[in-house]
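In case you want the letters, here they are:
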Amino acid sequence: MNGAESLARTLVASGVNVCFTNPGTSEMHFVAALDRVEGIRCILALYEGVVTGAADGYARMTGKPASTLLHLAPGLGNGLSNLHNASRARSALVNIIGDHATYHKQYDAPLNADIEGIAKAYSKWLRTSKSAREVAADGAEAIAAARANNGQIATLILPADTAWNEGTGAAPPVTVPPTAAAPSEAVARAAALLRGGRKTAIVLGGASLLRQGLTLAGRIAAATGAELLAPYSVGRIERGAGLVPVERIPYPVDQAVERLKHLANVILVGAPAPVAFFAYPDKPSVVTPEGCTIHVLARPEEDLVGALEALCAALDARHAEPALQKRERTSAPAGAVTLPGLGAVIASLLPENVIVVDESITSGRALLPMTRAAPPHDWLANTGGSIGMAMPVAVGAAIACPDRKVLCLEGDGSGMYTLQALWTMAREGLKVTTVLFANRSYAILKNELAQVGAGNPGRRALDMLEIGRPDLDWVGLARAMGVPAVRADTLDDLARHVSAGLASGGPSLVELVL
C-alpha cells in the first residue's frame, strides 16, 4: 500500500468522509487512492476558491472537517480567499496539497514554490511529509489538529514520491484534547458585571449562537436584562420562531456606534470586541463607547457553551425563562422591487429548517430584520469579508445536509469570483436555490468611496466600481453550467421563481434585476 492510499484510509478511519478537489499531476496517486478507498465522497470543483469555500460550508454545518485536495502553490493560492473566511469562521479543514517529488525540488521546475510560506498565514497546523512511511501518521495528526480548539485549518503537504512510495497503511485516529474551560475568574467577573445594574450586552460567537448556547444566553438575559448581540461577521446562527433572538451589530460605523452608545459593559463569548471593518477619516475604529468595559468570558478556542452554563449557575439563572422569537407570518408583496419588499418576499418563502447563505451585502440589508420571525433556520454569513463565498459555502452546506434546502443570496459582483460553484451544484444535483442580485455594480464600494472622504468620483473612478457595459447575463451563465435559471424583474416574479426553485429538489438560479 503506497503513501497516498495510507493517507486516504487514515482520513476515513478518522471520520473525514468528504474531499473537495481540484487536483493536478502531483496529486495523481492520491486521486487513484481515493478511487480505491471506500467511505470518502469526492467532489470536483472547477476553481480552488470553490474547493476551499465548500469545505468551509461543510464544516460550519457539521462541526467536523472535510478535506481539500489542491495542486501545488498556485492551487493553494487560488483557494486562499475562502481559506481566509474559513479561518475567521473557525471552520475545521484538512488541506492536502501536492508538491513536487522530494528529489525533483532541487531542479526548480516552473511550478516550484514555497508552499509552506503561502499556507502558514491560515494554517494553525502545517507539515510537509518527509517520506511515505510518515504520511499516514502525519494525516492523523492533521485531522486531530483541525478538530482542536473549536475548529481550525490544518495543512499537510504531500510530495509526489511520498504518495507513490510504499506506506504503512492507515494510522489510528489521534485523540483530540478536550476544549479548555473558561477560567473561573472570568465567570465570576462576568457575573459581577451583570449584577452591577449597568447596561450590559453579551456578544455571542461560535457555538454560543447555536440552540443550546442561545437558550443559556437567553436565560442569562431574562435574569439580568442583558442584551444579546452577535458580530456582523457571523459564521452560523440558528434563528427564527421558537429560538432566542440575537441582533447582529451593524456593519456601518455610524450605525454601530449609535447602537452601542448606551452600553457600560460588553461581555464576549467566543466573539471579538466590536470594531469598525475599516478605518475612516474622523470616525472611530472602536465602536463601543469610551469607558465601556470589555470583558472576555470565553475565548473562541474555549468551551463556549460550558462558559454560559457556568455563568448561568453563578447567576442562579438556570430556571429563568428565555424570551423566544414569536412566529409572525409575512405576506409576499407585489410590484416594483424595493429593499423592504425584497426582505418581505424572502421572509415569506423561507421553509422550516432551510439553510440561508448570505452574501447579498448591499441588497440584503433588510433581510435579517425581516426574517427574524420566519420558521427556524440557519443563517451563514461572510466571516472574513473576502467576497465570493456564498455559492461555494452553499455547495458545502448542501453536501453536509442533503435533506435540507439551501437558499443562497448572492450579489453579482461577488458571484463572479466563484461562479464555477454553479457547475458543481449541477453535477452533484444539490438542492441550492440561488438568488442573484444584479445591480450591475460593486454597490458597497460606492458607499465606501463616500465614507472614506475620497472626493466626488469621476468617470474613471466610477468605471472601477460598476460592472455594466456589458451587463452580465446570469441566466445564460447559469444555464451554461447546467443550472436552470430565470430572470425576475418584479417582486411577483421573485416570489414565484424562488418558490419553484425551493420546490424543485435540485439547483436553480433566479437573477433579480435591481
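Thresholds applied
- Residues numbered from 1 in each chain as written.
- Predicted model: local features only at pLDDT ≥ 70, side-chain atom pairs only at ≥ 80, totals over all residues.
- Heavy atoms only, no water.
- Helix = DSSP H or I, 4+ residues; strand = E, 2+ residues; numbered from the N terminus.
- Expected span 1.5 Å × (residues − 1).
- Buried < 20%, exposed > 50% of the residue type's maximum accessible area, 1.4 Å probe, protein only.
- Arc of directions from axis to C-beta.
- Contact = heavy atoms within 4.5 Å.
- Axes fitted to C-alpha atoms, helices over the stretch in contact; angles between N-to-C directions.
- Parallel < 35°, antiparallel > 145°, perpendicular 65-115°, else oblique.
- Left-handed = near helix turned anticlockwise from the far one by under 90°.
- Nonpolar A, V, L, I, M, F, W, Y, C, P; charged D, E, K, R; others polar.
- Phe/Tyr/Trp six-rings, centres within 6.5 Å; stacked < 30°, edge-to-face > 60°.
- Lys NZ or Arg CZ within 6 Å of the ring centre and 35° of its normal.
- Pairing = 2+ DSSP bridges.
- Polar contact = N/O pair within 3.5 Å; in protein donor to acceptor, adjacent residues only side chain to side chain.
- Disulfide = S-S within 2.5 Å.
- Core = buried A, V, L, I, M, F, W, Y, C linked by side-chain atoms within 4.5 Å.

Peer 1: Describe helix α8 (residues 184-195), listing the residues and the values that go with them.
Peer 2: The end-to-end C-alpha separation of α8 is 17 Å, in line with the 16 Å expected for 12 residues at 1.5 Å each. Every buried residue of α8 is accounted for by A186, V187, A190, A191, L193 and L194. Along the axis of α8, the buried residues cluster in a sector spanning 160 degrees; they form a single face. For α8, exposure combined with an orientation more than 90 degrees from the buried face picks out S184, E185 and R195. Taken together, the buried residues of α8 touch β7 (200-204), α9 (211-224), β11 (265-269), β12 (293-298) and α11 (304-314). The first or second residue beyond α8 is G197, which carries a positive phi of 85 degrees.

Peer 1: Which residues make up the packing of helix α12 (residues 339-349) against helix α20 (residues 491-503), and what are the values?
Peer 2: With their axes 10 Å apart at the nearest point, α12 and α20 run at an angle of 30 degrees to one another. As far as their axial angle goes, α20 and α12 are roughly parallel. You can see that α12 and α20 cross each other, and the crossing is right-handed. Of the residues in α20, those touching α12 at G341, L342, V345 and L349 are L491, L494, A495, V498, S499 and L502. Taken together, the residues of the contact of α12 with α20 break down into 8 nonpolar, 2 polar and no charged.

Peer 1: Account for the packing of aromatic side chains, with residues named and values stated.
Peer 2: Throughout the structure, instances matching the rule amount to 5 aromatic pairs. Aromatic pair F20 and Y58: ring centres 6.3 Å apart, planes at 70 degrees, arrangement edge-to-face. Taken together, the positions of F20 in strand β1 (residues 18-21) and Y58 in helix α3 (residues 48-62) put the pair 38 residues apart, joining distant regions of the chain. Pairing Y232 with F277 gives two aromatic rings, centres 6.1 Å apart and planes at 80 degrees, and the pair type is edge-to-face. Of this pair, Y232 sits in the loop between β8 (227-230) and β9 (237-239) while F277 sits in the loop between β11 and β12; the two residues are 45 residues apart in sequence, bridging distant segments of the chain. Here the aromatic cluster, defined as three or more aromatic residues joined through ring pairs, consists of Y232, Y251, F277 and F278. Above the ring of W379, the side-chain terminus of R239 is found at 5.0 Å from the ring centroid.

Peer 1: Outline the sheet that holds strand β16 (residues 432-438), listing residues and values.
Peer 2: If you trace the 7 strands from one edge of the open sheet to the other, you get β9-β14-β13-β15-β16-β18-β17, paired in mixed fashion. A strand with exactly one partner marks an edge of an open sheet, and here the two such strands are β9 and β17 (485-488). Each strand of the sheet is rotated relative to its neighbour by a mean of 20 degrees, with strand direction disregarded. In terms of strand pairing, strand β13 (residues 355-359) meets strand β15 (residues 406-411) through 5 bridges, oriented parallel. By the bridge assignment for β15, V356 is matched with L407.

Peer 1: Mind laying out the sheet that holds strand β3 (residues 66-71), listing which residues take part and the relevant values?
Peer 2: In any sheet, the strands associate via hydrogen bonds between backbone groups, in a parallel or an antiparallel arrangement. If you walk across this open sheet you meet the 6 strands as β2-β1-β3-β4-β6-β5, and the pairing is parallel. Of all strands in the sheet, those with a lone pairing partner are β2 (41-44) and β5 (125-128), marking the two edges. Strand-to-strand, the axes of this sheet are offset by a mean angle of 20 degrees, without reference to chain direction. Along the sheet, helix α4 (residues 72-88) makes contact with β3, β4 (93-99) and β6 (153-159), crossing β3 at roughly 145 degrees. Packing of helix α6 (residues 132-147) onto the sheet brings it into contact with β4, β5 and β6, and relative to β6 it is tilted by some 165 degrees.

Peer 1: I'd like a description of the side chain of E511, backed by residues and values.
Peer 2: Note on placement: E511 falls in strand β18 (residues 508-513). Polar side-chain contacts of E511 include one of 2.9 Å to the side chain of R487.

Peer 1: Hey, could you go over the state of the cysteines for me, with residue numbers and the actual values?
Peer 2: In this structure the tally under the stated criterion is 0 disulfides. With no disulfide of its own, C19 lies closest to C42 among cysteine sulfurs, the gap being 5.4 Å.

Peer 1: For the nonpolar core, give the residues involved together with the corresponding values.
Peer 2: Counting residues in hydrophobic clusters, the biggest one holds 57 residues, and the most contacted among them are I202, L204, L297, L311, L409 and L494. The element contributing the most residues to this core is α11, with 6 residues. Each residue touching L311, except ones within four places of it in the same chain, is listed here: V187, A190, A191, L194, I220 and L297.

Peer 1: Can you tell me about the packing of helix α1 (residues 3-13) against helix α2 (residues 28-36), naming the residues and giving the values?
Peer 2: In contact at an axis separation of 8 Å, α1 and α2 are set at 50 degrees when each is read in the N-to-C sense. Regarding the angle of α1 to α2, the classification is oblique. The hand of the α1/α2 crossing is right-handed. Between α1, through A4, E5, L7, A8, R9 and L11, and α2, the contact on the second element is made entirely by H29, F30, A33, L34 and R36. Partitioning the contact of α1 with α2 into residue classes produces 7 nonpolar, 1 polar and 3 charged.

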